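Architecture at a glance
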Amino acid sequence: MAGQQNQDVNQLLKVRREKLQELQANGKDPFQITKYEVTHHSLEIKDQFGQLEGKEVTIAGRMMFKRVMGKASFCNLQDLHGSIQAYVARDDIGEDSYKDFKKYDVGDILGIKGIVFKTKTGEISVHASEVVILSKSLQILPEKYHGLTDTDLRYRQRYVDLIMNADVKETFRKRSKIISSIRRYLDGQGFMEVETPMLVSNAGGAAARPFETHFNALNEDLKMRISLELYLKRLIVGGLERVYEIGRVFRNEGLDTRHNPEFTLMELYQAYTDYYGMMDLTENLYRYVAKEVAGTEVLTYAGQAIDLSKPFERITMVEAIKKYTGVDFHNVATTEEAKKLADEHHVEYEDRHKKGDIVSLFFEQFVEEHLIQPTFVMDYPIELSPLTKKKPDNPEYVERFEFFINGWEMANAYSELNDPVDQKERFAEQEKAFAAGDEEANHTDEDFLNALSIGMPPTGGIGFGIDRMVMIMTDSSAIRDVILFPTMKSLEK
């Protein structure tokens, strides 16, 4: 049976190539056409039918359906905004053109000129006076009513996914709109968009393993950046005061519904504010983008209402753990006591872990899943935050928050550490952690320390996961659904 299907498909592909050869032999090679003047898109014609009825338009798109009925036919063209029907008659486009049209295949890209009208059934259409083939499709699209449903194939052949699944195209239209909205908001707040290096000698600013490469011209090993932080802070030192960057970062980690090894991160830094300033900015930014993209401050994700209109909850990490487990780490003085609590609550840890690490493990295991509504979790253990200012009244913790929605970390923010002496000591602790087996620990960045020594003002900074933000705002269940070309395992292996 499979062999017969393959044979049938091969025959259909052969026929398509023969049709192309016939067009070329008759001087009608579609691939020789370099441009086609389009005056309107499908949605525009439908929305403005009152003004366009009886007027001539020129449309172009992929033919997704064709029904030939003797001397007259109907077809549907799909363009960027949707699809529209065209009525094609032999007496209107000419006998030779109509003969060619009858041989065109679903998937071919056509240009059609004609008059806007409404059929007897009330469907807004274009009555063709000219039909031109602009590109010949030599492949066969998936069957219309079943579409492209193989998830792996959808990600590998996103171009087909976009053709067959209108909701996928809409997701990526919204993604573009989300990023544009972010830029508009930040530009309106006086931020300056900048670009910083992707290839770096020291990939710092986050706890992650970098990808490594070799630069032949200088015979040096380099890394792909895992964060935008350290270069953006250098710009704060340089006096730029409010900067942001939206760009790809690369982390040598696993693949799952929320992780892709290359993803889009936005980081921003604002002089003369702190992590409370970053909380206010986050609330305002999320509301602004939601209103622009979704038209509401109450989103729906996986059937759950996410209310951005109310003040976001603010809770310390220790308070959150106490809320959901009853364990109060304010009463835990030593690493040994913390490990004993971990044993009692079946929390796995490593020998090198300190009290702060245990606090974080408790939070991950018992708290994160409960943080469905927008929540700022504040005041992290110092062991987890080598680039963050200590809390003046409790130096075991730092002025850091992570922002959660739907149990996911959506953003990470600090009152930035600007003391070069303290920063050097923190880097030294990170080097010890790396030597003890923590492959995600930061390494000392001497040039960054030099920048801090010149003087960085008090600064608030934050990093937003753009892909997760898009997931929430488009009700997408996996990060691969919001990345046009996600990382996939090679088919050759």
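Residues numbered from 1 in each chain as written. Predicted model: local features only at pLDDT ≥ 70, side-chain atom pairs only at ≥ 80, totals over all residues. Heavy atoms only, no water.

**Digging into the pairing of strand S19 (residues 459–465)**
Among the seven residues in S19, seven count as buried, and that is most of the element. The side-chain alternation of S19 yields two buried faces, one formed by Thr459, Gly461, Gly463 and Gly465 and the other by Gly460, Ile462 and Phe464. As paired strands, strand S11 (residues 262–271) and S19 are joined by seven bridges and run antiparallel to one another. Residue pairing in the sheet places Gln270 in a bridge with Gly460 of S19. Both strand S18 (residues 408–415) and S19 contribute to a ladder of five bridges, which runs antiparallel. The partner of Ala413 across the bridge, within S19, is Ile462. (Buried < 20%, exposed > 50% of the residue type's maximum accessible area, 1.4 Å probe, protein only. Helix = DSSP H or I, 4+ residues; strand = E, 2+ residues; numbered from the N terminus. Pairing = 2+ DSSP bridges.)

**Focus: helix H8 (residues 166–188)**
With 23 residues, H8 should cover 33 Å at 1.5 Å per step; its first-to-last C-alpha distance of 33 Å lies within 8% of that length. In this structure, the buried side of H8 is in contact with helix H6 (151–156), helix H7 (158–164), strand S10 (242–250), S11, helix H10 (275–294) and helix H16 (466–474). Two residues or fewer after H8 comes Gly190, characterised by a positive phi angle close to 85 degrees. (Expected span 1.5 Å × (residues − 1). Contact = heavy atoms within 4.5 Å.)

**Observations concerning the nonpolar core**
Residues Ile182, Met266, Leu268, Tyr286, Phe401, Phe403 and Phe464 are the most contacted members of the largest nonpolar core, which totals 44 residues. Considering each element in turn, this core owes the most residues, nine residues, to H10. In contact with Met266, other than residues within four places in its own chain, are Ile182, Leu186, Leu228, Tyr244, Glu245, Ile246, Leu285, Ile462, Gly463, Phe464 and Ile466. (Core = buried A, V, L, I, M, F, W, Y, C linked by side-chain atoms within 4.5 Å.)

**With respect to the sheet that holds strand S4 (residues 109–118)**
Strands sit in the order S1-S2-S3-S5-S4 around a closed barrel of five strands; the barrel is mixed. Sheet twist, expressed as the mean angle between neighbouring strand axes with direction ignored, is 55 degrees. Relative to strand S5 (residues 124–135), S4 is paired through 10 bridges, and the arrangement is antiparallel. The residue bridging Gly111 from the neighbouring strand is Val132, located in S5. Its contacts with the sheet place helix H5 (residues 95–103) against strand S1 (56–69), strand S2 (72–79), strand S3 (82–89), S4 and S5, and it is angled at close to 60 degrees to S1. (Axes fitted to C-alpha atoms, helices over the stretch in contact; angles between N-to-C directions.)

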